[in-house]
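Listed below are the residues making up each chain.
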Amino acid sequence: MPGYELFGHAERKEVNEVLETGILMRYGFDGPRKGIWKAKELEHEISKRLNVPYTQLTSSGTSALTTAMAALGLGAGDEIIMPTFTFVASFESVFSVGAIPVLVDVDDTLTLDPKAVEAAITPRTKCVMPVHMCGAMADLDALKAICEKHNLILLEDACQSFGATYKGKALGSIGHAGTFSFDFVKTITCAEGGAVITNDKEVYVKCDGYTDHGHDHLGVDRGADLHPFIGYNYRISELHAAVGLAQVRRLDDFLATQRANKKVLKDAVAAIPGVTFRRLPDEAGDSATFLSFFLPTEEAARKATAAIKAAGLPAFFWFDNNWHYFRQWQHFKQSAVLTPFAAQLQQAMEVYKTRTFPASDAIMGRCISTPINLTWSKEETAARAKKLAEAIQSAL
Ligand SMILES: *Cc1c(COP(=O)(O)O)cnc(C)c1O
């Protein structure tokens, strides 16, 4: 993690093919583009790689989430159950369609606790949105069973987990739709971009139009398209798609490197009494972008974070971070949304001004993640593992 570490010849070649035609837009210009359709090709490549029938590229992971929600019929007043630990884009997308984010506790999988999900269901609940954080999966069997029992939509925010699987199936392909981000720090990147995947043709057709002003893309040319519903511009460009295409073809190499490097770090840390690891419902499917572990107390986690950083290694203590964990989401708690449903939303959001999540705090206050890089040599990985273990040990 992430793909930007390894830009090279393959990315340049794909981008140059687009620049040579001069057609930077993904639709239209059929003649001058000389058969170069990078966005279409990337959609095809992702569908093939993740074994899903439909992929719709978007301009970002945030717009992929918004697009998926619109295509799934989520809107004003609908409650979407989501975790207290995620990236802010997850709740931004909920707000953008006028829906209400209902936060529930995370457990030691670092995402939705199925018991907390079930307890939060009301007659207005429409969707459960697990976020597959830090490269690995939620407990999807349990969440899927809850959605089936209560007739709810399962939308997987897999923006951080491209290439990860659960019991052999790609994350994102198990719910009604799943989303990915290809922003600059994700597993594969094209600077800015995203995707929605789905097994449902109707959902896909809506995503296709929604991201391009409602075009049905069925005309003999762009000018002859009809517009069966209102859409927006959430298109990806050919230049971005070209970079993504080179990166997705390297995914298996990236995953193999991450998994090998992570194993070395994990083995070193596993020897320390008192350290436990994030629970992975299917360890074989982990994309291994991060090693996430727990210390016995918040005090020890703070000390260990400082010691790891002092040793020159990266450490994320999400508990203090205002992008990823509820505790510091001041803008969420104040929910100053600029949408037509602002008044209705604000009333529903009042509860968060005083709400606390002790069960999430008990998990996130003890959790540290360290990223796994692609460019480490064997020696460097071993040296890092040793330093990491020593730093953690010093905090206990
Ligand atoms: C990165 C991310 C997004 C949004 O992706 P962008 O491409 O940056 O808009 C959404 N959800 C999660 C969990 C993310 O990490």
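None of these values were measured; they are calculated from a predicted model.

Considerations on the packing of aromatic side chains
Aromatic rings considered in pairs are described by the distance between their centres and by the relative angle of their planes.
Okay, so step 1: Tallied over the entire structure, the rule returns 24 aromatic pairs.
Okay, so step 2: Measuring from ring centre to ring centre gives 6.0 Å for Phe290 and Phe316, while their planes differ by 70 degrees; the resulting arrangement is edge-to-face. Residue Phe290 is found in strand E11 (residues 290-294), and its partner Phe316 is found in the loop between helix H10 (298-310) and helix H11 (330-334); the two are separated by 26 residues along the sequence.
Okay, so step 3: Phe316 gets classed as partly exposed once you look at its relative accessible area, which sits at 33%.
Okay, so step 4: Here the aromatic residues Phe91, Phe95, Phe326, Trp329, Phe332, Tyr352 and Phe357 are joined through ring pairs into a cluster of three or more.
Okay, so step 5: Over the ring of Phe319 we find Arg327; its NZ or CZ atom is 3.8 Å from the centre of that ring.
Okay, so step 6: Of note, Lys333 hangs over the ring of Phe326, and the distance from its end group to the ring centre comes to 4.5 Å.

Digging into the UniProt feature "active site" (unreviewed entry) in the protein
Okay, so step 1: The feature "active site" (unreviewed entry), as annotated in UniProt, sits at Lys186 in this numbering.
Okay, so step 2: Inspection of the secondary structure assignment puts Lys186 in the loop between strand E8 (177-181) and strand E9 (194-198).
Okay, so step 3: Engagement of the side chain of Lys186 in a polar contact is seen with the side chain of Asp183, the distance being 3.1 Å.

Quick notes on the packing of helix H9 (residues 251-270) against helix H14 (residues 378-394)
Okay, so step 1: Following both chains from N to C, one finds H9 and H14 inclined at 30 degrees, their axes separated by 8 Å at the closest point. Comparing their axes, H14 and H9 come out roughly parallel. The two elements H9 and H14 meet at a crossing, and its hand is right-handed. Facing Asn261, Val264, Leu265, Ala268 and Val269 of H9, the residues of H14 in contact are Thr381, Ala382, Ala385, Leu388, Ala389 and Ile392.
Okay, so step 2: Residues of the contact of H9 with H14, tallied by class, amount to nine nonpolar, two polar and no charged.

Focus: the nonpolar core
Okay, so step 1: Counting residues in each nonpolar core, the largest one holds 84 residues, and the members touching the most others are Ile46, Met69, Phe162, Phe182 and Phe332.
Okay, so step 2: Excluding anything up to four places from it in sequence, Phe162 contacts Ile46, Leu50, Phe180, Phe182, Thr187, Ile188, Val248, Leu251, Leu255 and Ser287.
Okay, so step 3: Among the nonpolar cores identified, the runner-up in size contains 38 residues, and Val269, Ala315, Phe317 and Ala389 belong to it.

Remarks on the domain arrangement of the protein
Okay, so step 1: Here the domain parsing of the protein yields domain 1 (3-251) and domain 2 (255-394).
Okay, so step 2: Opposite the 45 residues of domain 1 that make contact, domain 2 presents 45 residues.
Okay, so step 3: Here domain 1 and domain 2 share an interface that buries about 3700 Å² over both sides, 64% of which is from carbon and sulfur atoms.
Okay, so step 4: When the buried surface of domain 1 facing domain 2 is broken down by residue, Glu5, Phe95 and Leu103 rank first, second and third, together holding 17% of it.
Okay, so step 5: Where domain 1 meets domain 2, there are two salt bridges.
Okay, so step 6: For Arg279, the salt bridge goes to Asp107, with nearest N and O atoms at 3.4 Å.
Okay, so step 7: Counting across the interface, domain 1 meets domain 2 through 22 residue pairs in polar contact (both at pLDDT 80 or more).
Okay, so step 8: Sorting the residues of the side of domain 1 that touches domain 2 by element identifies helix H4 (89-96), strand E3 (100-104) and strand E6 (165-166) as the ones contributing at least two each.
Okay, so step 9: Class assignment of the residues belonging to the side of domain 1 that touches domain 2 gives a composition of 26 nonpolar, twelve polar and seven charged.

The rules behind these values
- Residues numbered from 1 in each chain as written.
- Predicted model: local features only at pLDDT ≥ 70, side-chain atom pairs only at ≥ 80, totals over all residues.
- Heavy atoms only, no water.
- Phe/Tyr/Trp six-rings, centres within 6.5 Å; stacked < 30°, edge-to-face > 60°.
- Helix = DSSP H or I, 4+ residues; strand = E, 2+ residues; numbered from the N terminus.
- Buried < 20%, exposed > 50% of the residue type's maximum accessible area, 1.4 Å probe, protein only.
- Lys NZ or Arg CZ within 6 Å of the ring centre and 35° of its normal.
- UniProt positions renumbered as here; feature names shortened; annotations may be inferred.
- Polar contact = N/O pair within 3.5 Å; in protein donor to acceptor, adjacent residues only side chain to side chain.
- Axes fitted to C-alpha atoms, helices over the stretch in contact; angles between N-to-C directions.
- Parallel < 35°, antiparallel > 145°, perpendicular 65-115°, else oblique.
- Left-handed = near helix turned anticlockwise from the far one by under 90°.
- Contact = heavy atoms within 4.5 Å.
- Nonpolar A, V, L, I, M, F, W, Y, C, P; charged D, E, K, R; others polar.
- Core = buried A, V, L, I, M, F, W, Y, C linked by side-chain atoms within 4.5 Å.
- Domains from an automatic or database assignment.
- Buried area = accessible area lost by both parts, 1.4 Å probe.
- Salt bridge = Lys/Arg side-chain N within 4 Å of Asp/Glu carboxyl O.

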